Amino acid sequence: MDEEDIITVHVGSGETLSEIAIRYGVTIDELQRWNRIEDPNLIQTGQTIVVHPDGYSLLEPAWIEGAFFLGVFAVLLFLLRPKPKSRPYPVTVRRFASPPHGTQSLKAQGVFRSNPTITIPPVYPSNLPLQAPKSKVLHAPSPEVNDGERRVRRELARSYRDWILLNDVLLPSGNNGTAQIDHILISPGCVFLVETKNMNGWVFGSPGEKQWTQTFAAGHQSRRFGIKSKRYSFYNPLRQNEGHSRALTNLRIVDLWRLRPVTVFVGDAELRTVDKFLPFDEHEKKASKDLNWRMRGVICMNLAELHRYIKFSVDPASRPNMTRQTMEAIYAKIKSAAIPSTAESHARHVEYARHVKGEAMK
């Protein structure tokens, strides 16, 4: 609309906004919007009123300004929006000594939803011949050590630093079998073969039995609800010590009279048949007369008893001492005869032990 079409009206004395609206055929709301009048009853004589007779409706300047600032604010928000941080994606590059069809395959995972494969030409130095990558020699991992063996190992290493300690020793035995000894402690007086049992509950057994029992007794209230005691069988550890002693003597590593096989229980196990076992001193007296008895060894129900037995066995008043050279010679023989402790050798030993124990329990 041109400025010529706009009518300017000066309010006369006693004239109202409604009269002006009727005169020019417009509404009061339009007059208020064109002239920014909030209250139609508050107009003054001589006030200028703008009228658009054709009903042309313009946006109020305040609306135009508001729309302008709203647009500017939206543009600023878009420009200042936080940008996503770039994350490194794993890229797998497969290289071949002789790439198929003279290409290399590079797959970028996580970058595209469809995980496309990008094929790039291989780049090799022109002055070097193409060689196949060298194969790596993979060594079988060693078997894991349980918490009980780890605890006894730390205790022996801390308490007897001047002696020689070997852990998890695997030696060949008769009938193409193996003997696995948890700890070998070479002292000036004798050689201790320590078998570790990490157990809780009650232990029932005697030196001559092939099979011992571990029992978790159910309480009175548990039995009322039908919960029974749990029992687990395990191979007599004294018989295990016999096999350990026999392996060392058959390999001519150490004389039988120098061996002290001992089984130590760590945990909260309680021997319920303790009356069937001899004390340390009586066991030594009987073992001095019968070497086959010595191969069975003794039972210690905790680390305190193990320390008492070791101190008793190396008493210089009753046992001849070995020189450091003799101790190192025994150590060298054990290391020379030992089988490397790997997952494969450990699995073969477990299979052999199950066979031996199964035959013994028939």
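How each quantity is defined
- Residues numbered from 1 in each chain as written.
- Predicted model: local features only at pLDDT ≥ 70, side-chain atom pairs only at ≥ 80, totals over all residues.
- Heavy atoms only, no water.
- Helix = DSSP H or I, 4+ residues; strand = E, 2+ residues; numbered from the N terminus.
- Contact = heavy atoms within 4.5 Å.
- Areas by Shrake-Rupley, 256 points an atom, 1.4 Å probe, with all protein chains shown as cover.
- Buried < 20%, exposed > 50% of the residue type's maximum accessible area, 1.4 Å probe, protein only.
- Polar contact = N/O pair within 3.5 Å; in protein donor to acceptor, adjacent residues only side chain to side chain.
- Pairing = 2+ DSSP bridges.
- Axes fitted to C-alpha atoms, helices over the stretch in contact; angles between N-to-C directions.
- Parallel < 35°, antiparallel > 145°, perpendicular 65-115°, else oblique.
- Nonpolar A, V, L, I, M, F, W, Y, C, P; charged D, E, K, R; others polar.
- Patch = residues over 30% accessible without salt bridge, like charges linked within 9 Å, V, L, I, M, F, W, Y side chains within 5 Å.
- Salt bridge = Lys/Arg side-chain N within 4 Å of Asp/Glu carboxyl O.
- 1 Å grid on protein atoms, 1.4 Å probe; cavity = no way out; pocket = protein on both sides within 12 Å on 5 of 7 lines; lining within 4 Å.
- Points joined across faces, edges and corners; volume = space filled by probe spheres on them.
- Left-handed = near helix turned anticlockwise from the far one by under 90°.

A few words on the overall build of the protein. Check the secondary structure of the protein and you find eleven helices and 14 strands. Of all intrachain contacts in the protein linking residues separated by at least 6 positions in sequence, the fraction that spans at least 24 positions is 63%. Counting every atom, the protein has about 24,000 Å² of accessible surface; 53% of that belongs to carbon and sulfur.

On to the side chain of Gln32. Inspection of the secondary structure puts Gln32 in helix α2 (residues 28-35). By relative accessible area, Gln32 is classed as buried at 15%. For Gln32, the side chain forms a polar contact with the main-chain oxygen of Glu38, separated by 3.1 Å. Once residues lying within four places of it in the same chain are set aside, the contact partners of Gln32 are Leu17, Ile37, Glu38, Asp39 and Pro40.

This paragraph deals with unusual backbone geometry. Phi at Asp168 is positive, roughly 55°, even though this residue is not glycine. The phi torsion at Arg252 lies on the positive side, around 55°, for a residue other than glycine. Among the residues examined, Arg252 registers a relative accessible area of 71% and is labelled exposed.

The next point concerns the sheet that holds strand β7 (residues 177-186). Strand order in the open sheet made by the five strands is β6-β7-β8-β12-β14, with mixed pairing throughout. At either margin of the open sheet sits one strand with a lone partner, and together these are β6 (164-173) and β14 (298-300). Neighbour-to-neighbour, the strand axes of the sheet open up by a mean angle of 35°, direction not taken into account. As paired strands, strand β8 (residues 191-198) and strand β12 (residues 259-266) are joined by eight bridges and run parallel to one another. Across the sheet, Val191 pairs through a bridge with Leu259, a residue of β12. Across the sheet, helix α9 (residues 303-313) touches β7, β8, β12 and β14, and the angle it forms with β12 is around 165°. Running at roughly 45° to β6, helix α10 (residues 324-337) makes contact with β6, β7 and β8 of the sheet.

Running from amino to carboxyl end, helix α1 (residues 17-24) crosses α2 at an angle of 105°, the nearest separation of the two axes being 9 Å. One finds that α1 runs roughly perpendicular with respect to α2. The residues of α2 that touch α1, namely those facing Leu17, Ser18, Ile20 and Ala21, are Ile28, Leu31 and Gln32. Classifying every residue of the contact of α1 with α2 gives five nonpolar, two polar and no charged.

This part takes up a nonpolar patch on the surface. Where nonpolar side chains cluster on the molecular surface, the patch consists of Val72, Val75, Leu76, Phe78, Leu79 and Leu80 and spans about 620 Å² of accessible area. Take Phe78: it is sitting in helix α3 (residues 61-79).

What follows concerns the layout of surface pockets. In this model, the second largest pocket occupies a volume close to 330 Å³. What lines the second largest pocket is a set of 18 residues, and nearest its centre among them are Phe277, Leu278, Pro279, Phe280 and Ile299. If you list the elements that add at least two residues to the lining of the second largest pocket, you get α7 (280-289), β14 and α9. Here the lining of the second largest pocket is built from residues that sort into twelve nonpolar, two polar and four charged.

Turning our eyes to something else, we now look at the pairing of β8. In terms of burial, β8 is largely enclosed, as seven of its eight residues are buried. Bridge analysis of β7 against β8 gives four bridges, and the strand direction is antiparallel. Among the inter-strand pairings, Ile184 is bridged to a residue of β8, identified as Leu193. The turn joining β7 and β8, which pair antiparallel and follow one another in sequence, is formed by four residues.

Right, let's get into the packing of α7 against α9. α9 packs onto α7 with a crossing angle of 45° between their chain directions and a minimal axis gap of 11 Å. As far as their axial angle goes, α9 and α7 are oblique. The crossing of α7 and α9 is right-handed. The segment α7 lies against α9, with Phe280, Asp281 and Glu284 engaging Glu305, Arg308, Tyr309 and Phe312. Residues that form the contact of α7 with α9 fall into these classes: three nonpolar, no polar and four charged.

With that settled, consider the sheet that holds strand β11 (residues 230-235). With respect to topology, four strands assemble into an open sheet ordered β11-β10-β9-β13, the strand pairing being mixed. The open sheet terminates on both sides in strands that have one partner only, identified here as β11 and β13 (270-271). One ladder, built from two bridges, connects strand β9 (residues 202-204) with β13; its direction is parallel. Bridging across to β13, Val203 finds its partner in Leu271.

It is worth spelling out the environment of Arg324 at this point. Structurally, the position occupied by Arg324 is in helix α10. Overall, the relative accessible area of 42% leaves Arg324 in the partly exposed class. Separated by 136 residues in sequence, Arg324 and Pro188 have C-alpha atoms that sit 7.4 Å apart.

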